[in-house]
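If you want the building blocks of each chain, they are given just below.
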Amino acid sequence: MAEGQILRLRGFEVRRGWLNPGAQAAVLNDLRAVIRAAPLVHPVTAGGRQMSVRMTSAGRLGWVSDAAGYRYAPRHPSGVDWPPIPDSILEIWRALGPDRLPDCCLINFYGEGARMGLHQDRDEGEFQWPVISLSLGDEGLFRMGNVEKGGKTESVWLQSGDVVVMGGAARLAHHGVDRIRFGSSRLMPKGGRVNVTLRVVGSRGEGAAS
Ligand code: SIN
Ligand code: FE2
């Protein structure tokens with residue numbers, strides 16, 4: 001944990017260098033164990049398009065997407081339970097989030113050329129809790145917009161160790177990742193970017209497809 005620079009952009013709170021390189025490597029190790037138990041999958045959108053990002057989750061619930069839509073599911077598509085959220089990641093929530101602990105830790109892996117279009121995180125059913133994100137590995141160009149579709153946006157390059165708190169006015173704001181600078185970080189020997197987001201999922205978010 002660090003007293004790094006804080007950027008406030010459109011209600012998004014960007015904590016630069018929240019994790020130092022040693023802590024980043026420790027989190028990555030814990031994520032490798034999660035991925036061994038619950039492998040990364042290439043989700044397909046309800047419209048039948050394959051996402052360029054690969055995903056898995058830890059926690060009581062995991063975010064999944066397939067022909068049936070987006071939803072939080074109690075198990076990985078293979079049928080195994082999601083592994084518990086590693087303590088090294090919960091520590092970030094404990095420092096920056098509310099007492100209510102997250103139900104889901106969504107893990108996104110961006111390989112070369114992967115991106116994520118502008119979207120809202122709104123499958124959780126309850127929006128009074130923040131979503132907290134940690135970036136590891138290669139830099140990613142994070143775009144932040146508005147709750148409504150369209151309008152002005154602002155972008156910031158997120159670096160390994162940066163944490164973003166999306167709460168309050170930013171909780172339902174559109175956001176996405178335009179591109180990554182593949183190979184810009186040495187954290188992962190083969191390159192790539194990992195982003196983990198911690199989310200509270202209310203009973204209305206559980207199982208309901210959007
Ligand atoms: C997300 O919105 O789920 C991911 C954001 C990011 O990769 O920084
Ligand atoms: Fe998101």
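Residues numbered from 1 in each chain as written. Chains lettered and ligands numbered in written order. Predicted model: local features only at pLDDT ≥ 70, side-chain atom pairs only at ≥ 80, totals over all residues. Heavy atoms only, no water.

**Brief notes about the sheet that holds strand β7 (residues 116-119)**
Then, number 1: Ordered in space as β7-β12-β9-β10, the 4 strands form an open sheet in which the pairing is antiparallel. Of all strands in the sheet, those bounded by a partner on one side alone are β7 and β10 (154-158). With direction set aside, neighbouring strand axes in the sheet form an average angle of 25°.
Then, number 2: Sheet topology note: the β7/strand β12 (residues 175-180) ladder contains 2 bridges and is antiparallel. In the strand pairing of β12, Met-116 is matched with Val-177. (Pairing = 2+ DSSP bridges. Helix = DSSP H or I, 4+ residues; strand = E, 2+ residues; numbered from the N terminus. Axes fitted to C-alpha atoms, helices over the stretch in contact; angles between N-to-C directions.)

**Digging into the sheet that holds strand β6 (residues 104-110)**
Then, number 1: Taking strand neighbours across the sheet as the criterion, the 7 strands line up as β1-β2-β11-β8-β13-β6-β3 in an open arrangement whose pairing is antiparallel. One side of each edge strand has no neighbouring strand; the edge strands of this open sheet are β1 (6-9) and β3 (54-59). Strand-to-strand, the axes of this sheet are offset by a mean angle of 20°, without reference to chain direction.
Then, number 2: Each of β3, β6, β8 (131-137) and β13 (193-199) touches helix α1 (residues 21-37); the most contacted strand, β8, lies at about 100° to it.
Then, number 3: Running at roughly 135° to β8, helix α2 (residues 87-96) makes contact with β2 (12-15), β6, β8, β11 (163-166) and β13 of the sheet. (Contact = heavy atoms within 4.5 Å.)

**Let's talk about the pairing of β12**
Then, number 1: Strand direction decides the pairing type here: strand β9 (residues 140-144) and β12, joined by 4 bridges, are antiparallel. Note on β12: the bridge partner recorded for Phe-142 is Val-177.

**Quick word on the packing of aromatic side chains**
Then, number 1: Taken as a whole and assessed by the stated rule, the structure comprises 2 aromatic pairs.
Then, number 2: Consider the rings of Phe-12 and Phe-142, whose centres lie 5.9 Å apart with planes at 80°: the pair is edge-to-face. Taken together, the positions of Phe-12 in strand β2 and Phe-142 in strand β9 put the pair 130 residues apart, joining distant regions of the chain. For the pair formed by Phe-12 and Phe-142, the shared burial category is buried.
Then, number 3: Its guanidinium or amino end placed over the ring of Trp-129, Arg-100 lies 6.0 Å from that ring's centre, counting from NZ or CZ.
Then, number 4: Its end group placed over the ring of Trp-157, Arg-181 keeps NZ or CZ at 3.8 Å from the ring centre. (Phe/Tyr/Trp six-rings, centres within 6.5 Å; stacked < 30°, edge-to-face > 60°. Buried < 20%, exposed > 50% of the residue type's maximum accessible area, 1.4 Å probe, protein only. Lys NZ or Arg CZ within 6 Å of the ring centre and 35° of its normal.)

**Observations regarding the coordination of the iron ion (ligand 2)**
Then, number 1: Of the protein atoms, only His-119 (NE2), Asp-121 (OD) and His-175 (NE2) coordinate the iron ion (ligand 2), at distances of 2.1 to 2.2 Å.
Then, number 2: With 4 donor atoms in place around the iron ion (ligand 2) and angles of 89 to 172° between them, the coordination shape is irregular.
Then, number 3: If you list the donors of the iron ion (ligand 2) from N- to C-terminus, the spacing comes out as H-x1-D-x53-H.
Then, number 4: Classification of His-119 as partly exposed rests on a relative accessible area of 21%. (Donors = N, O, S within 2.8 Å, 3.2 Å for Na, K, Ca; no water. Tetrahedral: all angles 85-135°; square planar, octahedral: opposite > 155°, others 65-115°.)

**Concerning the environment of Ser-184**
Then, number 1: Its place among the elements puts Ser-184 in the loop between β12 and β13.
Then, number 2: Taking the relative accessible area as the measure of exposure, Ser-184 reaches 36% and is therefore partly exposed.
Then, number 3: Not counting residues within four places of it along the chain, the set of residues in contact with Ser-184 comprises Asp-138 and Glu-139.

**Here's the deal with the nonpolar core**
Then, number 1: By size, the foremost hydrophobic cluster in this structure holds 28 residues, and its most contacted members are Leu-31, Ile-89, Ile-92, Cys-105, Leu-134, Val-194 and Val-196.
Then, number 2: Elements represented by at least two residues in this core include exactly α1, α2, β6, β8, β11 and β13.
Then, number 3: The element best represented in this core is α2, accounting for 5 residues.
Then, number 4: Sequence-distant contacts of Ile-89, that is, excluding residues within four places in its chain, are made with Val-27, Leu-31, Cys-105, Val-196 and Leu-198.
Then, number 5: Listed in part, the 26 residues of the second largest apolar core include Val-53, Tyr-110, Val-164 and Met-166. (Core = buried A, V, L, I, M, F, W, Y, C linked by side-chain atoms within 4.5 Å.)

**With respect to the site of ligand 1**
Then, number 1: Around ligand 1 sit Asn-108, Tyr-110, Met-116, His-119, Phe-142, His-175, Val-177, Arg-193, Asn-195 and Arg-199, and that is every residue in its neighbourhood.
Then, number 2: At 3.1 Å from an oxygen atom of ligand 1 is found a side-chain nitrogen or oxygen belonging to His-119.
Then, number 3: Within the side chain of Asn-195, an N or O atom sits 3.1 Å from an oxygen atom of ligand 1.
Then, number 4: For ligand 1, the accessible surface in isolation is 260 Å², of which the surrounding protein chains cover 98%.
Then, number 5: Put simply, the parts of the chain that give the shell around ligand 1 at least two residues each are β6, β7, β12 and β13. (Near = heavy atom within 4 Å. Polar contact = N/O pair within 3.5 Å; in protein donor to acceptor, adjacent residues only side chain to side chain. Areas by Shrake-Rupley, 256 points an atom, 1.4 Å probe, with all protein chains shown as cover.)

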